[in-house]
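Structural characterization, general
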Amino acid sequence: MPILAAALLAALLSSPAAWSQGQPQRIEIVAKRFTYSPGEITVKKGQPVTLVLKSLDVGHGLRFRDFGVDIKVKAGGSNEVTFTPDKTGDFIGHCSVFCGSGHGSMTLIMHVVA
Ligand SMILES: [Cu+2]
């Protein structure tokens, strides 16, 4: 039954579980004065992750010094970066574009788990 076997293989390869293994985990983060939503994310060490940052108002950024990550978005725009966390722990990301009075306290927590 070669045709049945081929169909079975095709179904397996196109299943979401098989597909997701080769793809970076994708996390959308919405920024607006002076918060991120969600305010906390969890990623896995050694697994590529794509952070998609969108701004609902002015220009914002998101920087994780520990991972050399710095995404910047223009007002109302979006941008993304892909990286692979190489250590576990809790890391605080800061807004990297001055956006007003609450800019200094605009943070996002990233948990990197094993
Ligand atoms: Cu800011």
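The structure under discussion appears in the preceding block.
Described in the following lines is the structure provided in the data block. (Residues numbered from 1 in each chain as written. Predicted model: local features only at pLDDT ≥ 70, side-chain atom pairs only at ≥ 80, totals over all residues.)

This paragraph deals with the overall build of the chain. On a plain count of helices and strands, the chain comes out with two helices and nine strands. Put simply, the chain runs from its N terminus to its C terminus through helices and strands in the order α-α-β-β-β-β-β-β-β-β-β. Residue burial in the chain is summarised as follows: out of 114 residues, 20% are buried. Taking the contacts inside the chain whose residues are at least 6 apart along the sequence as the reference set, 62% of them involve residues at least 24 apart. (Helix = DSSP H or I, 4+ residues; strand = E, 2+ residues; numbered from the N terminus. Buried ≥ 20, exposed ≤ 12 C-beta atoms within 10 Å, placed from the backbone. Contact = placed C-beta atoms within 7 Å.)

Let us now look at unusual backbone geometry. For the peptide bond that leads from R33 to F34, omega is -5°, which places it in the cis range. Along the polypeptide, F34 turns up in the loop between β1 (25-32) and β2 (35-37). That bond from S37 to P38 is cis: its omega, 0°, falls within 30 degrees of zero. Within the element layout of this structure, P38 appears in the loop between β2 and β3 (40-44).

This part covers the environment of H111. Among the secondary structure elements, H111 is positioned in strand β9 (residues 107-113). H111 gets classed as partly exposed once you count the C-beta atoms within 10 Å, which come to 14. Once the C-alpha coordinates of H111 and G89 are considered, the two residues, 22 residues apart in sequence, prove to be 5.9 Å apart. If we skip the residues at most four places from it in the chain, H111 touches E40, T42 and D90.

Core analysis: the biggest nonpolar cluster contains 18 residues, and I29, L51, L53 and L62 have the highest contact counts within it. Every element with two or more residues in this core is listed here: β1, β4 (49-55), β5 (60-64), β6 (69-73) and β9. Setting aside its immediate chain neighbours within four residues, L62 contacts I29, L51, L53, I71, G93, C95, S96 and L108. (Core = buried A, V, L, I, M, F, W, Y, C linked by C-beta atoms within 7 Å.)

On to the sheet that holds β2, then. The pairing of strands in a sheet comes from backbone hydrogen bonds and takes either a parallel or an antiparallel form. The strand order across the open sheet formed by four strands is β2-β1-β4-β7, and the pairing between neighbours is mixed. Both outer strands of the open sheet, β2 and β7 (78-83), are each paired with one neighbouring strand and no more. Looking at each pair of strands side by side, their axes are set apart by 25° on average, direction ignored. Relative to β4, β1 runs parallel, the two being bridged by seven bridges. Bridge assignment links R26 to a residue of β4, and that residue is T50. (Pairing = 2+ DSSP bridges. Axes fitted to C-alpha atoms, helices over the stretch in contact; angles between N-to-C directions.)

For the rest of this paragraph, the subject is the pairing of β5. In terms of burial, β5 is largely enclosed, as four of its five residues are buried. Where β5 meets β6, five bridges bridge the pair, whose relative direction is antiparallel. Along β6, the bridge assignment pairs G61 with K72. From the end of β5 to the start of β6, which pair antiparallel, there are four residues, and G68 there has a positive phi angle of about 65°.

Shape is all these values report; function is a separate question.
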